[in-house]
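Examining the three-dimensional arrangement
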Amino acid sequence: MLIDAMGKACPIPVVLAKKELDSGCRDLTVAVDNEAAVGNLSRLAARCGMQAESETVSGGFHVHIFGNGEIHAPVPAPASAAVSCGCGYAVFIGKDTVGSGDDTLGYNLLKMALYTLAQGDDVPASVLFMNGGVKLPAGDEPQVIESLAQLIEKGTEVLVCGTCLNYFGLTEQLKIGTVSNMYDILGRMQSAAKVITL
Amino acid sequence: VSCYYLLAFDSTHTAIAADRLLKPFGAAIMPTLRSISASCGMSLRLRTETVSDALSALRESDLELPLCHLYRVEDSVPVPLALDAL
């Protein structure tokens, strides 16, 4: 089955694909014209326990979704009707606490926030660590590493600022996530419908 | 059926101290379930395999036990238990 979603604004390609998956289709190809849609469709497949392969074709991409998954993934909503692009949401973590006031409390709130995100069905498209935030994926807190591993398993991309790891001398200590850079981290923010800063 | 044990607290300071104490037993900080009316929003999730050792450590610690409340959670439904029930 081929869905032509060329020129369709997000989240239409994901909505169209999910409609087919919900009606029992287990082998479909979606034609899209932007890389963000490829990522969103791949995450939809991962959340449904299915596989996705993409190939570049003239004018865009073909995303092939197949396998025997259970459909339970919510469709990511656009941030508002005024936003014509962007899909899913990104979580930006620029320090190792939530808010300010007390660092111990803030650190534990952040652990709890990551746990809560990881337990939910509507996981972020990406979690982005910068500055003091990189101490979490490079730290020794098993709960944090476990929550991030669960998020990755559910299709979330975890990007960690390499400059920041280097600054704190933590490059060798990174336990989970992909070492990344300003281009990619800003790119994930720009392609998300909304960015949550903790 | 998913089943785990949960410690809720009347004080956030006690919750954070208990996390420090019980981390070696695999305890994880989580939000207090909405159906539990402890005053602190921070709870500890305890693993079934280590819950009894964790509770022994808790009872032997200098934490204020009256501020700690144990639940067994089955299918998201919490059932209160005494701290020395396991």
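The structure this text deals with has already been given above.
Now for a description of the structure that goes with this document. Since the model is a prediction, treat every value here as computed from it, not as a measurement.

1. Regarding the nonpolar core
Residue and element names in this part refer to chain A.
- Residues Ile93, Phe129, Val134 and Leu148 are the most contacted members of the largest nonpolar core, which totals 32 residues.
- Contributions of two or more residues to this core are made by β5 (89-93), α3 (103-119), β6 (126-129), α4 (142-153), β7 (157-161) and α5 (162-167).
- Counting residues per element, this core draws most heavily on β5, which supplies five residues.

2. Thoughts on the state of the cysteines
All names here are of chain A.
- By the definition in use, this model includes one disulfide over all chains.
- Here Cys161 connects covalently by a disulfide to Cys164, the sulfurs 2.4 Å from one another. For the disulfide bridge between Cys161 and Cys164, the dihedral angle about the S-S bond is near 75 degrees, and by the sign convention the bridge is right-handed.
- The exposure class of Cys161 is buried, given its relative accessible area of 5%.

3. Side note on the sheet that holds β5 of chain A
Residue and element names in this part refer to chain A.
- Spatial ordering of the open sheet is given by β8-β7-β6-β5-β9, a layout of five strands whose pairing is parallel. Each edge of the open sheet is held by one strand with a lone partner, namely β8 (178-180) and β9 (194-197). Direction aside, neighbouring strands of the sheet carry axes that sit 25 degrees apart on average.
- Where β6 and β7 come together, four bridges link them in parallel fashion. Paired with Ser126 across the bridge in β7 is Glu157.

4. Section: the packing of aromatic side chains
- What the rule picks out here adds up to one aromatic pair over all chains.
- Each ring, one from Tyr167 of chain A and one from Phe168 of chain A, has its centre 5.4 Å from the other, and the planes form 90 degrees; the classification is edge-to-face.

5. Describing the interface of chain A and chain B
- If you look at the interface, chain A gives twelve residues, while chain B gives 14 residues.
- Across the chain A/chain B interface, buried area totals approximately 980 Å², and carbon plus sulfur atoms make up 60% of it.
- When the area that chain A buries against chain B is broken down by residue, the three leading residues are Asn108, Met112 and Tyr115 of chain A, summing to 47%.
- Taken together, the connections running from chain A to chain B amount to three salt bridges.
- Residue Lys111 of chain A is joined to Asp19 of chain B by a salt bridge in which the shortest nitrogen-to-oxygen separation is 2.6 Å.
- In this assembly, chain A and chain B are joined by five residue pairs in polar contact (both at pLDDT 80 or more).
- Those elements that provide at least two residues to the side of chain A that touches chain B are α3 and α4 of chain A.

6. Focus on the sheet that holds strand β4 (residues 68-74) of chain B
Residue and element names in this part refer to chain B.
- Overall, antiparallel pairing links the five strands, which are arranged β2-β3-β1-β4-β5 in an open sheet. One side of each edge strand has no neighbouring strand; the edge strands of this open sheet are β2 (28-31) and β5 (77-81). Taken over all neighbouring pairs, the strand axes of this sheet differ in orientation by 35 degrees on average, direction set aside.
- Where β2 and strand β3 (residues 42-46) come together, four bridges link them in antiparallel fashion. Bridged to Pro31 within β3 is Met42.
- In the packing of helix α1 (residues 12-22) onto the sheet, the strands contacted are β1 (3-9), β2, β3 and β4, and the crossing angle to β3 comes to about 25 degrees.

The rules behind the values
Residues numbered from 1 in each chain as written. Chains lettered and ligands numbered in written order. Predicted model: local features only at pLDDT ≥ 70, side-chain atom pairs only at ≥ 80, totals over all residues. Heavy atoms only, no water. Core = buried A, V, L, I, M, F, W, Y, C linked by side-chain atoms within 4.5 Å. Buried < 20%, exposed > 50% of the residue type's maximum accessible area, 1.4 Å probe, protein only. Helix = DSSP H or I, 4+ residues; strand = E, 2+ residues; numbered from the N terminus. Disulfide = S-S within 2.5 Å. Pairing = 2+ DSSP bridges. Axes fitted to C-alpha atoms, helices over the stretch in contact; angles between N-to-C directions. Phe/Tyr/Trp six-rings, centres within 6.5 Å; stacked < 30°, edge-to-face > 60°. Contact = heavy atoms within 4.5 Å. Buried area = accessible area lost by both parts, 1.4 Å probe. Salt bridge = Lys/Arg side-chain N within 4 Å of Asp/Glu carboxyl O. Polar contact = N/O pair within 3.5 Å; in protein donor to acceptor, adjacent residues only side chain to side chain.

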